[in-house]
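What follows is the residue order along each chain.
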Amino acid sequence: SMYHEVDRQMELARASPGAVEAAMHERVAELMTSESGERDVIVFDTAPTGQTLRLLSLPEIMAAWTDGLLRHREHSDTMSRALARLRIGGTRQRGDELSHIDHHTQEAKSTDPRFLRIRETLVERRRAFHKARRLLLDASATAFLLVLIPERLPILESRKALEALKRFGVPVAGLVVNRVLPEGPLGEFLEERREQERHYLQQIEQYFRDIPQVRVPLFRRDVGGLDQLRKVAGHLFPGSS
């Protein structure tokens, strides 16, 4: 009868708010701190004001949660040992042998191997998140690129992201303005769009003037395949082969 309940609890845990995000953050930290040497470069495409900033704050959150959990367990162990001493004192009249057994039983509980494994796992996860954050803040190892399109809401979000990243001390290497309308006649409808876009491009130049910027035009089709990626690379790295 327990199998059904276990399955139900696992399903609820999987669907609970933040479960997928927590698993993703752990996977990101695992990839960043891996020393296997299998990858030369790792690229994360994330929402700038959400996932990235939460990953930066995870070490403190993880430390507070882990320390609180361990502190409660140690407090529980202390109380259990105190109660055991009271119980041992009350049973001394029943013989030294019984009190000796109680004492060692309680000591064994305080060093429960399952709890020791859980503690080591939590501490190791906290170390991994700290190491991942150090890498995120290391300009020689990590580069942040903001990508936006020339529209009002993406500009506002990118400004917010830039301010938040600066507060964390995150190095921002550059900014990519994506899907810029190409030069040449576009027709009345798209010409109006281009006039609006010109206004937003000026805002981008003003708001992000301290960051290197590059523009990528709007392509006829979705980017897919090596040939299209090479075209994008030609705009990101002009003059490269």
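Whatever comes next refers back to the structure up there.
Presented here is a report on the structure given in the accompanying data block. The model shown is predicted, which means the values in this text are computed figures rather than measured ones. (Residues numbered from 1 in each chain as written. Predicted model: local features only at pLDDT ≥ 70, side-chain atom pairs only at ≥ 80, totals over all residues. Heavy atoms only, no water.)

Backbone geometry at Arg179 places phi at a positive 60°, although glycine is not the residue there. Mapped onto the elements of the fold, Arg179 is located in strand S2 (residues 172–180). (Helix = DSSP H or I, 4+ residues; strand = E, 2+ residues; numbered from the N terminus.)

Time to look at the side chain of Glu197. Its place among the elements puts Glu197 in helix H7 (residues 188–207). For Glu197, which is buried and forms no salt bridge, the nearest opposite charge comes from Arg194, at a distance of 6.3 Å. Engagement of the side chain of Glu197 in a polar contact is seen with the backbone nitrogen of Leu181, the distance being 3.1 Å. Once you skip the residues sitting within four places of it in the chain, Glu197 turns out to touch Pro150, Arg179, Val180 and Leu181. (Buried < 20%, exposed > 50% of the residue type's maximum accessible area, 1.4 Å probe, protein only. Lys, Arg positive; Asp, Glu negative; His and termini not counted. Salt bridge = Lys/Arg side-chain N within 4 Å of Asp/Glu carboxyl O. Polar contact = N/O pair within 3.5 Å; in protein donor to acceptor, adjacent residues only side chain to side chain. Contact = heavy atoms within 4.5 Å.)

Relative to the assigned elements, Thr142 resides in the loop between helix H5 (113–136) and strand S1 (144–148). Since its relative accessible area comes to 17%, Thr142 is described here as buried. Only 2.6 Å separates the side chain of Thr142 from the backbone oxygen of Leu135, close enough to count as a polar contact. Here Thr142 is in contact with Leu135, Leu136 and Pro171, once residues within four sequence places are set aside.

Quick look at the packing of helix H2 (residues 19–33) against H5 now. Across the interface, H2 lies against H5 with an axial gap of 9 Å and an inter-helix angle of 70°. Classified by the angle between their axes, H2 and H5 sit roughly perpendicular to one another. With respect to the hand of their crossing, H2 and H5 are arranged in left-handed fashion. Along the contact surface, H2 presents His25, Glu26, Ala29, Met32 and Thr33, while H5 presents Arg125, Ala128, Phe129, Lys131, Ala132, Leu135 and Leu136. (Axes fitted to C-alpha atoms, helices over the stretch in contact; angles between N-to-C directions. Parallel < 35°, antiparallel > 145°, perpendicular 65-115°, else oblique. Left-handed = near helix turned anticlockwise from the far one by under 90°.)

On to the pairing of S2, then. Two elements, S1 and S2, share five bridges in a ladder whose sense is parallel. Residue pairing for S2: Leu148 is matched across the bridge by Val177. With respect to chirality, the unit in which S1 leads through helix H6 (residues 152–168) into the neighbouring parallel S2 is right-handed. Pairing analysis gives four bridges linking S2 to strand S3 (residues 213–217), with the strands arranged parallel. The partner of Val180 across the bridge, within S3, is Pro217. (Pairing = 2+ DSSP bridges. Right-handed = clockwise from strand over helix to strand, strands pointing away.)

Turning to the sheet that holds S3, a few remarks are in order. One open sheet accounts for three strands, arranged S1-S2-S3; its pairing is parallel. Each edge of the sheet is formed by a strand with only one pairing partner; in this case those strands are S1 and S3. Direction aside, the axes of adjacent strands within the sheet are offset by 25° on average. Against the sheet, H6 contacts S1 and S2, and its axis sits at roughly 165° relative to S1.

A contiguous nonpolar surface patch, about 280 Å² in accessible area, is contributed by Val223, Leu226 and Leu229. By the secondary structure assignment, Leu226 is in helix H8 (residues 226–236). (Patch = residues over 30% accessible without salt bridge, like charges linked within 9 Å, V, L, I, M, F, W, Y side chains within 5 Å. Areas by Shrake-Rupley, 256 points an atom, 1.4 Å probe, with all protein chains shown as cover.)

With 17 residues, H6 should cover 24 Å at 1.5 Å per step; its first-to-last C-alpha distance of 25 Å lies within 8% of that length. Within H6, burial applies to Pro154, Ile155, Ser158, Ala161, Leu162, Ala164 and Leu165. At the C-terminal side of H6, Gly169 shows a positive phi close to 80°. (Expected span 1.5 Å × (residues − 1).)

Right, let's get into the pattern of salt bridges. Enumeration over the complete set of coordinates arrives at nine salt bridges. Ionic pairing is found between Glu124 and Arg127, a salt bridge with its closest N-O pair at 2.8 Å. Linking Glu124 with Arg127, this pair stays in helix H5, spanning three residues, or about one helical turn. By relative accessible area, Arg127 is classed as partly exposed at 45%. Two residues, Arg193 and Glu151, come together in a salt bridge whose shortest N-O distance is 3.4 Å. With Arg193 in helix H7 and Glu151 in the loop between S1 and H6, the pair connects residues that are 42 residues apart, well separated along the chain. The class for Arg193 is partly exposed, based on a relative accessible area of 36%. With a relative accessible area of 31%, Glu151 lands in the partly exposed category. By sharing partners, the salt bridges in this structure join Glu120, Glu124 and Arg127 into a single network.

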